[in-house]
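Chain by chain, the residues:
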Amino acid sequence: MPEITLVEAVTQALAYELTHDKNVIVLGEDVGKNGGVFRATAGLQERFGPERVMDTPLAESMIAGMCIGMASQGLKPVAEFQFLGFIYSGLDQIISHASRLRNRTRGRLSCPLVYRAPYGAGIHAPEHHSESTEALFAHTPGVRVVVPSSPARCYGLLLAAIRDPDPVIFLEPERIYRLVKQNVPDSGEALPLDKCFVLREGSDITLVSWGASIHETMLAAKSLATNGISAEVIDVATLKPLDIETILQSVAKTGRCVIIHEAHRTCGVGAEIAAQIAEKGLFYLQAPIQRVTGYDTVVPYYHLEKLYFPSEQRILKTVNKVLELA
């Protein structure tokens, strides 16, 4: 079986669900004939027809709202927004309606839909193509926020998201769409939502991250190992609801924690993780929690963007600081 990239894992998961569930509908701008801006839906319209893989007008609010109507009537729409930075005109539909449909109808209706969006910096694109505003959605009751960090996790988590009875924001890190390849059997086996994944066992420090930043975090963990420092790496994967128990178990073992994410620092998801560790596991800590994040600025143009998101060197510097404080 050939190895596939993360973007090909998206295609594989969508094809599986379109094949096995007649209620699944894929829609979005250019997802049909052109196969999507990143080719995540390439070939799907030819296989399943324009009634199942639908091109839409350039109208994000309409896309978001139409999905809610479809979901309320028993369909399972999977909508692609070309970039996360284009989703904002659909926020009213997502926050005011998709997230509240179950509560508003007291459980009579659910809203089984997935909003997919490429996100993050690193592809030499302007700022609206490089946003990492996942905290907007994590702050919204009634929606899940899921971020894959590898082809295998992307396949399994996207299957689980489509099968979930409630709205899921599925953010695909565009910087790693084609960075690595993995053998991903097309088995239809979903991975659990609302659970962190421990990618590397360790005893000296806990590194918590998600999405594209997992790549630099794993590189840092390997560099630390050459110096005799054992780092445990946790992929949060589902940002909302947060599996804080897995993180707390790791911090209880290591006594130290560094949180790494590409999004802006202030009010980022990393701040929520740090707050929950402080509330529920303060006495586990041997040193203050630290964060390595993007900056509180608009994402810069390509000649500066490598300075914007967390690098292996920034992570190592922060880890050494935490170890010195312990």
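Quick caveat, the model's predicted, so the values are computed rather than measured.

Cut-offs used in this document
- Residues numbered from 1 in each chain as written.
- Predicted model: local features only at pLDDT ≥ 70, side-chain atom pairs only at ≥ 80, totals over all residues.
- Heavy atoms only, no water.
- Axes fitted to C-alpha atoms, helices over the stretch in contact; angles between N-to-C directions.
- Helix = DSSP H or I, 4+ residues; strand = E, 2+ residues; numbered from the N terminus.
- Parallel < 35°, antiparallel > 145°, perpendicular 65-115°, else oblique.
- Left-handed = near helix turned anticlockwise from the far one by under 90°.
- Contact = heavy atoms within 4.5 Å.
- Nonpolar A, V, L, I, M, F, W, Y, C, P; charged D, E, K, R; others polar.
- Buried < 20%, exposed > 50% of the residue type's maximum accessible area, 1.4 Å probe, protein only.
- Polar contact = N/O pair within 3.5 Å; in protein donor to acceptor, adjacent residues only side chain to side chain.
- 1 Å grid on protein atoms, 1.4 Å probe; cavity = no way out; pocket = protein on both sides within 12 Å on 5 of 7 lines; lining within 4 Å.
- Points joined across faces, edges and corners; volume = space filled by probe spheres on them.
- Expected span 1.5 Å × (residues − 1).
- Arc of directions from axis to C-beta.
- Pairing = 2+ DSSP bridges.

So, the packing of helix α8 (residues 213-226) against helix α12 (residues 312-325)
And step 1. Contact geometry of α8 with α12 gives a least axis separation of 9 Å together with a crossing angle of 55 degrees. Regarding the angle of α8 to α12, the classification is oblique. Seen along the crossing, α8 lies across α12 with a hand that is right-handed. When α8 is examined against α12, the residues Glu216, Thr217, Leu219, Ala220, Ser223 and Leu224 are found in contact with a partner set consisting of Glu312, Ile315, Leu316 and Val319.
And step 2. Split into classes, the residues belonging to the contact of α8 with α12 amount to six nonpolar, two polar and two charged.

Remarks on the side chain of Thr105
And step 1. Assignment of secondary structure puts Thr105 in the loop between α5 (101-104) and β4 (114-119).
And step 2. The buried category is assigned to Thr105, whose relative accessible area is 18%.
And step 3. There is a polar contact of 2.9 Å between the side chain of Thr105 and the backbone oxygen of Leu101.

Some remarks on the layout of surface pockets
Over the atoms, a rolled probe matching the size of one water molecule traces out where space is still vacant.
And step 1. Each pocket or cavity is described by its volume, and for the largest pocket that value is around 270 Å³.
And step 2. Along the wall of the largest pocket there are 13 residues; nearest its centre are Ser149, Val180, Ile214, His215 and Met218.
And step 3. The element best represented in the lining of the largest pocket is α8, accounting for five residues.
And step 4. By volume, the second largest pocket is sized at about 210 Å³.
And step 5. Forming the boundary of the second largest pocket are Ala135, Ala138, His139, Leu239, Lys240, Leu242, Cys267, Gly268, Val269, Ala271, Glu272 and Gln276.
And step 6. Those elements that place two or more of their residues in the lining of the second largest pocket are α6 (134-138), β10 (238-240) and α10 (269-281).
And step 7. When residues of the lining of the second largest pocket are assigned to their parent elements, the largest contribution, four residues, is made by α10.
And step 8. Looking at side-chain class alone, the lining of the second largest pocket contains seven nonpolar, three polar and two charged residues.

Some thoughts on α8
The periodicity of an α-helix, 3.6 residues per turn, causes residues three or four positions apart to be oriented the same way.
And step 1. End to end, α8 covers 21 Å across 14 residues, agreeing with the expected 20 Å (1.5 Å per residue, within 8%).
And step 2. Among the residues of α8, those classed as buried are Ser213, Ile214, Glu216, Thr217, Ala220, Ala221 and Leu224. The arc that holds every buried residue of α8, seen down its axis, measures 160 degrees, which confines them to one face.
And step 3. Where α8 is buried, its residues contact β7 (197-200), β8 (205-209), β9 (231-235), β11 (257-260) and α12.
And step 4. Note on α8: the residue one or two positions beyond its end, Gly228, has a positive phi of about 80 degrees.

Things to note about the sheet that holds β4
And step 1. Read across the sheet, seven strands follow the order β2-β1-β3-β4-β6-β5-β10 without closing on themselves; strand pairing throughout is mixed. The sheet terminates laterally at β2 (53-55) and β10, the two strands that pair on one side only. Here the average twist between neighbouring strands, direction ignored, is 20 degrees.
And step 2. Here β4 pairs with strand β6 (residues 168-173) via six bridges, running parallel. Within β6, the position partnered with Val114 by the bridge is Val168.
And step 3. Helix-sheet contacts for helix α1 (residues 6-20) involve β1 (24-28), β2, β3 (76-80), β4 and β6, and the interaxial angle to β1 is about 135 degrees.
And step 4. Lying on the sheet, helix α7 (residues 151-163) is in contact with β1, β3, β4, β5 (144-146) and β6; it crosses β6 at an angle near 160 degrees.

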